[in-house]
Amino acid sequence: MGDTLHLMRSLATEGIALKELDRAAESYIRSKGGRPTFKGYHGFPASLCLSLNHEVVHGIPNGRKLKKGDILSIDCGCTLDGWVGDAAITVAVEPISVELSKLIAITSESLAAGIAAARVGQRLGDIGAAIEGAVNPHRYGIVREYCGHGVGKELHEDPQVPNYGAAGSGPRIQSGWCLALEPMVNLGGDAVHTLADGWTVVTSDGKHSAHCEHSIAITDTGTEILTLCSDGSQP
Ligand code: MG
Ligand code: MG
């Protein structure tokens, strides 16, 4: 899973079409014996969700080509041996502005904060509070309509995991839970809407958005990130 995203990061350079990235991801996943989970999910037509600049999530790979200054959310689902992994990174087509570099960095930090809060005995609201705590000092908008989720045999399982919340609220986190945490952070306001294609979610103010995601397993002995690269590095 992480290796697929790592490959996508290396391919996401100026001039490549989003469709080409999608094709490369699908062939890589299949070469490893996996299946691209998103393809056909509620009719989604591709293996990756590719969301460019002011697109937030669920963008459909098409013929658009990456340009310098773009940022791209690459969200990938893979099913292997009946288990689903779900992860996303936001990559930059350098050079990008300082403002966008910071947006990506803070989004990634907020995911790390959420993962650190996802411990047996904590409460679900602690995860959202940790994500919010990492984002709010920077006055970005945290998308509220979409959230993290349980992940396992299915792509989307209970519980829903909001990217905001009050510390100490919600059910206690149990050993054995697998969650996909995925903050979506906007340079402007938190409002989003879906385009006429029925999939692509965009910021309502047209400002850029970043998204990153890991699937994690929470156990009594600690929390493991399931969607790192096979060498243990971040994709
Ligand atoms: Mg995802
Ligand atoms: Mg997800």
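Read on for an overview of the structure. (Residues numbered from 1 in each chain as written. Chains lettered and ligands numbered in written order. Predicted model: local features only at pLDDT ≥ 70, side-chain atom pairs only at ≥ 80, totals over all residues. Heavy atoms only, no water.)

### Some details on the coordination of the magnesium ion (ligand 1)
And step 1. Surrounding the magnesium ion (ligand 1) are the protein donor atoms Asp75 (OD), Asp75 (OD), Asp86 (OD) and Glu213 (OE), which sit 2.0 to 2.6 Å from the metal.
And step 2. Of note, the donors binding the magnesium ion (ligand 1) are all from one chain and are spaced D-x10-D-x126-E.
And step 3. Judged by its relative accessible area of 6%, aspartate 75 is buried.
And step 4. Note on glutamate 213: relative accessible area 1%, which makes it buried. (Donors = N, O, S within 2.8 Å, 3.2 Å for Na, K, Ca; no water. Buried < 20%, exposed > 50% of the residue type's maximum accessible area, 1.4 Å probe, protein only.)

### Considerations on the coordination of the magnesium ion (ligand 2)
And step 1. Binding of the magnesium ion (ligand 2) to the protein goes through Asp86 (OD), His149 (NE2), Glu182 (OE) and Glu213 (OE), at separations of 2.1 to 2.2 Å.
And step 2. Here the magnesium ion (ligand 2) and the magnesium ion (ligand 1) are spaced 3.2 Å apart, and both take aspartate 86 as a donor. Placement of the pair is histidine 149 in strand 7 (residues 148–150) and glutamate 182 in the loop between strand 9 (178–181) and strand 10 (184–186), with a sequence separation of 33 residues.
And step 3. For histidine 149, a relative accessible area of 4% corresponds to the buried category.
And step 4. A residue is classified by how much of its surface remains accessible, and glutamate 182, at 6% relative accessible area, is buried. (Helix = DSSP H or I, 4+ residues; strand = E, 2+ residues; numbered from the N terminus.)

### Here we look at the sheet that holds strand 15 (residues 222–225)
And step 1. The strand order 8-7-9-14-15 describes an open sheet built from 5 strands, whose pairing is antiparallel. At either end of the open sheet lies a strand with only one pairing partner, and these are strand 8 (157–161) and strand 15. If you compare each strand with its neighbour and ignore which way they point, the axes differ by 25° on average.
And step 2. Two elements, strand 9 and strand 14 (residues 214–219), share 4 bridges in a ladder whose sense is antiparallel. Its bridge partner being in strand 14, leucine 179 is matched across the sheet by isoleucine 216.
And step 3. Helix-sheet contacts for helix 4 (residues 124–135) involve strand 8 and strand 9, and the interaxial angle to strand 8 is about 45°. (Pairing = 2+ DSSP bridges. Axes fitted to C-alpha atoms, helices over the stretch in contact; angles between N-to-C directions. Contact = heavy atoms within 4.5 Å.)

### Some remarks on the packing of helix 1 (residues 2–11) against helix 2 (residues 18–31)
And step 1. Close contact between helix 1 and helix 2 brings their axes to 10 Å; oriented N to C, the two are set at 150°. Judged by the inter-axis angle, helix 1 sits roughly antiparallel to helix 2. The hand of the helix 1/helix 2 crossing is right-handed. Counting all contacts with helix 1, which are made through Asp3, Thr4, Leu7, Met8 and Leu11, the residues of helix 2 involved are Leu21, Ala24, Ala25, Tyr28 and Ile29. (Parallel < 35°, antiparallel > 145°, perpendicular 65-115°, else oblique. Left-handed = near helix turned anticlockwise from the far one by under 90°.)

### Comments concerning the pattern of salt bridges
And step 1. Tallied over the entire structure, the rule returns 4 salt bridges.
And step 2. With a closest N to O distance of 2.7 Å, glutamate 26 and lysine 39 form a salt bridge. Remark: lysine 39 occurs in the loop between strand 1 (35–36) and strand 2 (48–52) and glutamate 26 occurs in helix 2; sequence separation between them is 13 residues.
And step 3. One network of salt bridges, with partners in common, ties together Glu26, Arg30 and Lys39. (Salt bridge = Lys/Arg side-chain N within 4 Å of Asp/Glu carboxyl O.)

### Focus: the packing of aromatic side chains
And step 1. The final tally for this structure, using the stated rule, is 1 aromatic pair.
And step 2. When the ring centre of tyrosine 164 is taken as reference, the NZ or CZ atom of arginine 144 above it lies at 3.8 Å.
And step 3. The ring of tryptophan 83 carries the charged tip of lysine 153 above its face, separated from the ring centre by 4.2 Å. (Phe/Tyr/Trp six-rings, centres within 6.5 Å; stacked < 30°, edge-to-face > 60°. Lys NZ or Arg CZ within 6 Å of the ring centre and 35° of its normal.)

### Notes on the pairing of strand 8
And step 1. With 3 bridges connecting them, strand 7 and strand 8 associate as antiparallel partners. Bridge pairing links glycine 148 to valine 161 in strand 8.
And step 2. Here strand 7 hands over to strand 8 after 6 residues, the two strands then running antiparallel side by side.

### Topic: the sheet that holds strand 12 (residues 201–203)
And step 1. Sheet architecture is open: 3 strands sit in the order 3-12-11, paired in antiparallel fashion. The open sheet has two edge strands with one neighbour each: strand 3 (55–57) and strand 11 (192–194). For this sheet, the mean angle separating the axes of adjacent strands, direction not counted, is 40°.
And step 2. As defined by bridge partners, strand 3 adjoins strand 12 across 2 bridges and the pair is classed as antiparallel. Bridging across to strand 12, glutamate 55 finds its partner in valine 202.

Everything listed here is a matter of coordinates, which is why it stays silent on function.
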